[in-house]
Amino acid sequence: MAAKTSTRSSGFRCSECGWTAVKWVGRCGECQAWGSVSEIGAVTVRTTAATRVERPAVPIGQVDARRAEARSTGVGEFDRVLGGGLVPGAVVLVAGEPGIGKSTLLLDVAARAARSGEGRKVLYVTGEESAAQVRMRAERIEAMAATLFLAAETDLATVLGQIDEVQPDLVIVDSVQTIASGEVEGSAGNVTQVREVTASLIQVAKARGIATLLVGHVTKDGSIAGPRVLEHLVDVVVQFEGDRHSRLRLVRAVKNRYGPTDEVGCFDLSDVGIVGLPDPSGLFLSRGTLTVPGTCVTVTLEGRRPLMTEVQALVAKSEIPTPRRATSGLDSARVSMIIAVLAKRAQAPIVNADVYLSTVGGVRLTEPASDLAIALAVASAVKDQPLPDHAIAFGELGLAGEIRPVSGMPRRLAEAARLGFRTAYVPRGVLGSGPTPEGMQVVECDDIRSAVRAALQPVHG
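Because the structure is a prediction, the values reported are computed rather than measured.

1. Quick notes on the overall build of the protein chain
Point 1. Looking only at helices and strands, the protein chain features 10 helices and 21 strands.
Point 2. The principal-axis extent of the C-alpha atoms belonging to the protein chain is close to 90 × 55 × 50 Å.
Point 3. Among the 461 residues that make up the protein chain, the fraction classed as buried is 45%.
Point 4. Within the protein chain, residue pairs in contact and separated by at least 24 positions form 67% of the contacts whose partners lie at least 6 positions apart.
Point 5. Roughly 22800 Å² of accessible area belongs to the protein chain as shown, and the carbon and sulfur atoms make up 51% of that amount.

2. Here's the deal with the pairing of strand 11 (residues 264–270)
Point 1. Of all 7 residues that make up strand 11, 6 are buried, and the element is covered over most of its length.
Point 2. In this structure, strand 10 (residues 248–256) lies alongside strand 11, joined through 5 bridges in antiparallel fashion. Looking at the pairing, Leu-250 lines up with Cys-266 of strand 11.
Point 3. Bridge analysis of strand 11 against strand 12 (residues 273–276) gives 4 bridges, and the strand direction is antiparallel. Across the sheet, the residue bridging to Asp-268 is Val-275, located in strand 12.
Point 4. Joining the antiparallel neighbours strand 11 and strand 12 is a turn of 2 residues.

3. Focus on the sheet that holds strand 10
Paired through their backbone hydrogen bonds, the strands of a sheet run either parallel or antiparallel.
Point 1. The strand order 6-5-7-8-4-9-10-11-12 describes an open sheet built from 9 strands, whose pairing is mixed. Either end of the sheet is taken by a strand with one partner, and the two such strands are strand 6 (148–152) and strand 12. Averaged over all adjacent pairs, the angle separating strand axes in this sheet is 20°, with direction ignored.
Point 2. For strand 7 (residues 170–174) and strand 8 (residues 211–216), the ladder comprises 4 bridges, and the chain directions are parallel. By the bridge assignment, Leu-170 is partnered in strand 8 with Ala-211.
Point 3. Where helix 3 (residues 131–140) meets the sheet, it contacts strand 5 (122–126), strand 6, strand 11 and strand 12, and its direction lies at approximately 145° from that of strand 6.
Point 4. Sitting on the sheet, helix 4 (residues 156–166) is in contact with strand 5, strand 6 and strand 7, with an inclination near 160° to strand 5.

4. A few points about the packing of helix 4 against helix 5 (residues 191–208)
Point 1. Helix 5 packs onto helix 4 with a crossing angle of 15° between their chain directions and a minimal axis gap of 11 Å. What the angle tells us is that helix 4 and helix 5 run roughly parallel. Like other packed secondary-structure pairs, helix 4 and helix 5 cross with a definite hand, here right-handed. Between helix 4 and helix 5, the contacting residues are Leu-156, Val-159, Leu-160, Ile-163 and Asp-164 on the first element and Glu-196, Val-197, Ser-200, Leu-201, Val-204 and Arg-208 on the second.

5. Regarding the environment of Thr-300
Point 1. Structurally, the position occupied by Thr-300 is in strand 13 (residues 295–302).
Point 2. Taking relative accessible area as the criterion, Thr-300 reaches 4% and is therefore assigned buried.
Point 3. Taking the C-alpha atoms as reference points, Thr-300 and Leu-150, separated by 150 residues in sequence, lie 41 Å from one another.
Point 4. For Thr-300, the contacting residues outside a window of four places in its chain are Arg-305, Pro-306, Leu-307, Thr-309, Leu-365, Glu-367 and Arg-412.

6. Re the pattern of salt bridges
Point 1. Enumeration over the complete set of coordinates arrives at 20 salt bridges.
Point 2. Note that Glu-396 and Arg-334 form a salt bridge whose closest N and O atoms lie 3.7 Å from each other. Taken together, the residues Glu-396 in strand 18 (residues 396–397) and Arg-334 in helix 7 (residues 332–345) connect sequence positions 62 residues apart.
Point 3. Residue classification places Arg-334 among the partly exposed positions, given a relative accessible area of 25%.
Point 4. Several salt bridges converge on common partners, so that one network encompasses Arg-334, Asp-371, Glu-396, Glu-402 and Arg-404.

7. What about helix 5?
Point 1. An ideal rise of 1.5 Å per residue puts 26 Å on 18 residues; helix 5 measures up with 26 Å between its terminal C-alpha atoms.
Point 2. Those residues of helix 5 not exposed but buried are Val-191, Gln-193, Val-194, Val-197, Thr-198, Ser-200, Leu-201, Ile-202, Val-204 and Ala-205.

8. Section: the packing of helix 2 (residues 102–114) against helix 3
Point 1. It is at 10 Å that the axes of helix 2 and helix 3 come closest, and there the two elements cross at 70°. By the angle class used here, helix 2 and helix 3 are roughly perpendicular. Of helix 3, the residues touching helix 2 (which contributes Ser-103, Thr-104 and Leu-107) are Val-134, Arg-137 and Ala-138.
Point 2. Tallied by class, the residues present in the contact of helix 2 with helix 3 amount to 3 nonpolar, 2 polar and 1 charged.

9. With respect to helix 7
Residues three or four positions apart in an α-helix share a direction because the helix packs 3.6 residues into each turn.
Point 1. The first and last C-alpha atoms of helix 7 sit 20 Å apart over 14 residues, in line with the 20 Å expected at 1.5 Å per residue.
Point 2. Count one or two residues on from helix 7 and you reach Gln-347, which has phi positive near 55°.

10. Observations concerning the side chain of Glu-310
Point 1. With respect to the helices, strands and loops of the structure, Glu-310 is situated in strand 14 (residues 305–317).
Point 2. Note on Glu-310: relative accessible area 6%, which makes it buried.
Point 3. Side chain to side chain, Glu-310 and Gln-312 meet in a polar contact 3.4 Å long.
Point 4. Apart from the residues lying within four places of it in its own chain, the contact partners of Glu-310 are Phe-284, Leu-285, Ser-286, Thr-295, Cys-296, Val-297, Ser-358, Thr-359 and Val-360.

Scoring rules and cut-offs
- Residues numbered from 1 in each chain as written.
- Predicted model: local features only at pLDDT ≥ 70, side-chain atom pairs only at ≥ 80, totals over all residues.
- Heavy atoms only, no water.
- Helix = DSSP H or I, 4+ residues; strand = E, 2+ residues; numbered from the N terminus.
- Buried < 20%, exposed > 50% of the residue type's maximum accessible area, 1.4 Å probe, protein only.
- Contact = heavy atoms within 4.5 Å.
- Areas by Shrake-Rupley, 256 points an atom, 1.4 Å probe, with all protein chains shown as cover.
- Pairing = 2+ DSSP bridges.
- Axes fitted to C-alpha atoms, helices over the stretch in contact; angles between N-to-C directions.
- Parallel < 35°, antiparallel > 145°, perpendicular 65-115°, else oblique.
- Left-handed = near helix turned anticlockwise from the far one by under 90°.
- Salt bridge = Lys/Arg side-chain N within 4 Å of Asp/Glu carboxyl O.
- Expected span 1.5 Å × (residues − 1).
- Nonpolar A, V, L, I, M, F, W, Y, C, P; charged D, E, K, R; others polar.
- Polar contact = N/O pair within 3.5 Å; in protein donor to acceptor, adjacent residues only side chain to side chain.

Bear in mind that shape data such as this cannot, by itself, settle questions of function.
Set out below in structure tokens:
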């Protein structure tokens, strides 16, 4: 029998990240937040002796690997992000801003899993909406299924009771911040409650092999609300991205114990539901047929998927002492660096000019391979001259003005050729890395000055 000894001591916890300390401090030692550390009362510290083992350890060769095989959710783009599907017993945290489409996507996943023909039961627990509201959404997006069970609960004990009653293969909790346990103090959504609810659901999921999807809110800065330990407890963290005023939604995995973390899923959110986009490159290009100064198309790699993205730039005379540098969909710090390199290495007259940069379709560019396209878009806007028709550019820009090679060059060129692009401005060395698509002219550039000269010189001719 296990022997336990206990001592009691007081402690303090940060309400933002869950960091604990033995004495009060004004600033959290983990997240550096001021005034967030408060006393949590008496804490019991126990030392537990060894007890009888119910499930003894087995040789690794005798472990059934089939229990870790992923099962498709029925949504191809979601499977791509998860690494092939949902693994039994896996706990997935789906995070995103309110109204971005998390509930719509997961309701669609629940219905497709219930209609898969494998006799799978799905339990959808909603803590933010009534059962009637979820039913109306399910009818609107055609997500009705006979083995899809719906429960509107906010008590953890009741949710666990529903799992015992239904015996589902998949559980969806929307959202984890609305569920509260009566065993711990505090209201739903605080650090203690979120930790307790998540730990209880993870224990049930692992013990019974139930795949579980947890919806999580995000804060104003885009991080997942609640303690950071929540992200460490779950197996997969999936992030929803996209402009609420745009139909495009991007879903990417920022943590994945069962697959890659560099894949992205593209979805189109409309009144009739959310639909996966296997070929979304056209959404990131402008609809105009005329070539306009200040635009340049680049090819980015999201995992193994190449995406065509258009960058637009506008350069105007500044009326204030400090010129504006406004960006949308781009890293403002990297844009400032590119503008400085253009001014110093290519003698572009933009030091005293306002520069506005944006991407088309609401996509966010973070890959350094888009540096050359940004620079050429700004140079085209400065000269008020468009780049050649059907041209693309990709390459990393250094502070010395050099253009560095990037990975996946053959894949980028092949995607551009498939969509009808015929000229590519790339770093030197691309021609030797693989076959060039038929009908595409590849212009290798050593530095930013030669790239600007090559891209804008044909206009004069």
